[in-house]
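A look at the structure
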Amino acid sequence: MATLSELISENSNLKANEVEHLSELVAEWRLLADLSFADLLLWLPIRRDEKSWPEGHLAIAQIRPTTAATVFTEDLVGTSINWGQRPLVDQALSDGEIVRDAKPEQVGQIVIKEETIPVILNGKILAVISRHRNADLMRQPSKLELNYREIAHKIYKMVAEGNFPIRNSLYSSESSPRVGDGLIRLDVNGTIFFASPNARSALSRVGFQKELEGENLGVVFSNLNKGDTQPTDESWQTMLSGKSLRRTEYESQSAVLDILVIPLTEGSDRIGAIVLIHNITELRNRDRALLTKDATIKEIHHRVKNNLQTVSALLRLQSRRVTDPIASSALDEAVRRVASIALVHETLSNQSSEFVEFDLVLEQIIKNALDLNPRSIGYKKIGEFGSFDSKTATALSLVITELIHNALEHGLSETGDQLTVEISKNDKQYLVSVCDNGSGLPEEFNIEKSANLGLQIANTLTKNELNGSINLVRVENLTRGDISFKVN
């Protein structure tokens, strides 16, 4: 399915700012659908060039209301109609005026009433919105439905005047308040003259128990906020006056409200505003719980890293006091392995994700290894690892540490020492090669039968933890350790 921008560019010659205007309209028109209790279609005129008369129209967007049942169960995006098939759409495009009071039409079992609204920007008609609602459901509208429909008419007029969507809008995100969350209607002075039941409930949660209608919304929140000593950049009277598009949050000990103020205009005059209010207390509580959980996990990784570094330091002290060179070497190897695990936990303690950026771990492993080696060794890395879960990262860090240590200890030549780590991946399958230019492996070398503890550890971890395989081979003038594994 083509995107909105693709449908527009393939079927019109609209300019970039005009395409952006239609895109912003579609991003924000759930408000219109919900206030109208209606399905909306956006029709793009089909014409050869700007001066040609339209051959017809193409449906480039569709939305269904959350406040009423849909009248169109099928997806109509991509549907094209010829000029004359939908007279109301033709009329709105030709006249540049909203077409209302059309005769309801029987479609299957439903009587549908259609209205059409031209979408105008800088005096140019870009497209037409057709609004479709079930006429039978609106014959005895409630006070809420009457207010919603009246607000919808005013916003549709703003669309036809080129004043909606409001530029640099704050309410196109999926997290912004919706009509069904709670709606308050303000007059030009910021006084409430309608509040939906959900809006009343939201205000009740933060401590306002009186009748809302007739109250100034800014004053209501200022009085609620009297006990709050935290400074704010603007007063609640200013933010909730309805003079400009605003989005803010109000938080009390009992609830958190997400508040969106949308001014209503008629021509160049401001005629009031609507305020959408969403009680997001549970959402904020979950956010705080997740932040607390993340902070706890990071602290655990930090403490594990510190404990491993303490163990490493103790082993290093013990190694210095041991006179037996074999025992001292074994303790040094233990220090190196513990340090490799500590690197993984250090990386986890410094990031928010539970996935490890393994290239950072490898960089530190290489640095530590080269710093401890008295010889000057060239190093080259080819490819990137990316991120792994902590279990995979821990096992892989130990395996690579053993292969690098083995190369530094046994596999490098007396002159021109070179160490290379090459990473290649195909989807989730990885092949990691640790290469050195030393004298090579003994003939008939078999890692399964090797007495080298480090290589035994690497082999076991690769099989059991990485579900992969490890192979040491001599290729031309290089000794190469290949680790093959797959991540989920």
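A brief look at the structure comes next. From a predicted model like this one, the values you see are computed outputs, not experimental measurements.

Tallying secondary structure elements over the chain gives 13 helices and 18 strands in all. Over its C-alpha atoms the chain spans a radius of gyration of 34 Å, topping by over 25% the 23 Å that the globule rule assigns to 488 residues. If one aligns the C-alpha atoms of the chain with their principal axes, the spans along those axes are about 100 × 65 × 40 Å. Across the 488 residues that make up the chain, the buried fraction comes to 45%. Once local pairs closer than 6 in sequence are excluded, the contacts in the chain between residues at least 24 apart make up 60%. Total accessible area on the chain is roughly 25,000 Å²; 49% of this is exposed by carbon and sulfur atoms. One finds the centroid of the 53 positive side-chain charges in the chain at a distance of 4 Å from the centroid of its 66 negative side-chain charges.

Assignment of secondary structure puts Gly 214 in the loop between helix H6 (197-205) and helix H7 (217-224). In this structure, the C-alpha to C-alpha distance between Gly 214 and Phe 194, residues 20 residues apart in sequence, is 8.7 Å. In this structure Gly 214 touches Thr 191 and Ile 192, once residues within four positions along its chain are discounted.

Right, let's get into the sheet that holds strand S3 (residues 80-82). Reading across from one edge, S3-S2-S1-S6-S5-S4 is the order of the six strands in this open sheet, with antiparallel pairing throughout. Edge strands, defined here as strands with exactly one partner in the open sheet, are S3 and strand S4 (105-107). Here the average twist between neighbouring strands, direction ignored, is 35 degrees. In terms of strand pairing, strand S5 (residues 110-121) meets strand S6 (residues 124-134) through 10 bridges, oriented antiparallel. Paired with Glu 114 across the two strands is His 132, which belongs to S6. Here helix H1 (residues 4-11) sits on the sheet in contact with strand S1 (39-46) and strand S2 (56-63), set at roughly 175 degrees to S2.

In the contact formed by helix H9 (residues 281-321) and helix H10 (residues 325-349), the axes pass within 8 Å of each other and the chain directions differ by 165 degrees. One way to sum up the angle between H9 and H10 is to call them roughly antiparallel. By crossing handedness, the relation of H9 to H10 is classed as left-handed. Residue-level contacts link Lys 298, His 301, His 302, Val 304, Lys 305, Leu 308, Gln 309, Ser 312, Leu 315, Arg 316, Gln 318 and Ser 319 of H9 to Ser 328, Leu 331, Asp 332, Ala 334, Val 335, Val 338, Ile 341, Ala 342, His 345, Glu 346, Leu 348 and Ser 349 of H10.

Turning to helix H5 (residues 143-161), a few remarks are in order. The first and last C-alpha atoms of H5 sit 27 Å apart over 19 residues, in line with the 27 Å expected at 1.5 Å per residue. Among the residues making up H5, those that are buried are Asn 147, Tyr 148, Arg 149, Ile 151, Ala 152, Ile 155, Tyr 156, Met 158, Val 159 and Ala 160. Of the residues trailing H5, Gly 162 is marked for its positive phi of about 85 degrees.

Next up on the list: the pattern of salt bridges. Applying the stated criterion across every chain yields a total of 14 salt bridges. Salt-bridge contacts for Glu 115 lead to Arg 131; the nearest nitrogen and oxygen are separated by 3.0 Å. With Glu 115 in strand S5 and Arg 131 in strand S6, this pair connects stretches of sequence that are 16 residues apart. Note on accessibility: Glu 115 and Arg 131 belong to one class, buried. Two residues, Glu 266 and Lys 157, come together in a salt bridge whose shortest N-O distance is 3.8 Å.

Turning our eyes to something else, we now look at helix H4 (residues 87-95). Buried within H4 we find Leu 88, Val 89, Asp 90, Ala 92 and Leu 93. If you follow the buried residues of H4, they end up packed against S1, S2, S5 and S6.

With that settled, the discussion passes to the packing of aromatic side chains. This model, assessed by the stated rule, comprises 11 aromatic pairs. A centroid spacing of 5.8 Å and a plane angle of 20 degrees characterise the contact between Phe 37 and Tyr 148, whose relative ring orientation is stacked. One end of the pair, Phe 37, is in the loop between helix H3 (30-36) and S1; the other, Tyr 148, is in helix H5, with 111 residues separating them in the sequence. With a centroid separation of 5.5 Å and an interplanar angle of 70 degrees, the aromatic rings of Trp 236 and Tyr 250 are classed as edge-to-face. Of the two residues, Trp 236 sits in helix H8 (residues 236-239) while Tyr 250 sits in strand S9 (residues 246-251), which places them 14 residues apart along the sequence. Accessibility expressed as a relative area gives 3% for Tyr 250, which makes it buried. Each residue in the set Phe 358, Phe 385, Phe 388, Tyr 430 and Phe 485 is aromatic and connected to the rest through ring pairs, giving one cluster.

Turning next to the pairing of S5. For S5, the buried fraction is high: 11 of the 12 residues fall into the buried class. Here S4 runs beside S5; their pairing, made up of three bridges, is antiparallel. Bridging across to S5, Val 107 finds its partner in Ile 110. Connecting the antiparallel pair S4 and S5 is a turn made up of two residues, with Gly 108 showing a positive phi of about 65 degrees. Between S5 and the antiparallel strand that follows it, S6, lie two residues; Asn 122 among them carries a positive phi value of about 55 degrees.

Criteria and thresholds
Each residue is numbered by its place in its chain's sequence as written, counting from 1. Selection of residues for local features in this predicted model requires a pLDDT of at least 70, selection of side-chain atom pairs for listing and counting requires 80 or more, and totals for whole chains, interfaces and linings are taken over all residues. With hydrogens and water set aside, each side-chain value is computed from the structure's full complement of heavy atoms. Helix numbers and strand numbers start at the N terminus; a helix is a DSSP run of H or I with at least 4 residues, a strand a run of E with at least 2. Radius of gyration here is computed from C-alpha atoms only, and the compact-globule reference equals 2.2 Å multiplied by the residue count raised to the power 0.38. Think of it in three bands: with a 1.4 Å probe and only protein chains considered, a residue is buried below 20% of the maximum accessible area for its type, exposed above 50%, and partly exposed in between. Any two residues having at least one pair of non-hydrogen atoms within 4.5 Å are treated as being in contact. Computed with a 1.4 Å probe, the accessible areas rest on the Shrake-Rupley method; for each residue, only the protein chains presented here act as cover. The sign given to each residue is positive for Lys and Arg and negative for Asp and Glu; His and the chain ends receive no count. Where a charge sits is defined by one atom per residue type, namely NZ (Lys), CZ (Arg), CG (Asp) or CD (Glu). At least two DSSP bridges between two strands are needed for those strands to be called paired. Between N-to-C directions, angles span 0 to 180 degrees; the directions come from axes that are lines fitted to C-alpha atoms, helices contributing only their stretch in contact. Each angle is binned into one of four classes, with values under 35 degrees roughly parallel, values over 145 roughly antiparallel, values of 65 to 115 roughly perpendicular, and all other values oblique. Should the near helix be turned counterclockwise from the far one by less than a right angle, the crossing is left-handed, whereas a clockwise turn marks it as right-handed. By this rule, a helix spans an expected 1.5 Å times one less than how many residues it contains. Salt bridges are counted wherever a side-chain nitrogen of Lys or Arg sits within 4 Å of a carboxyl oxygen of Asp or Glu. Aromatic contacts are taken between Phe, Tyr and Trp rings whose centres are within 6.5 Å, Trp giving its six-membered ring; a plane angle under 30 degrees counts as stacked, one over 60 as edge-to-face, and the others as tilted.

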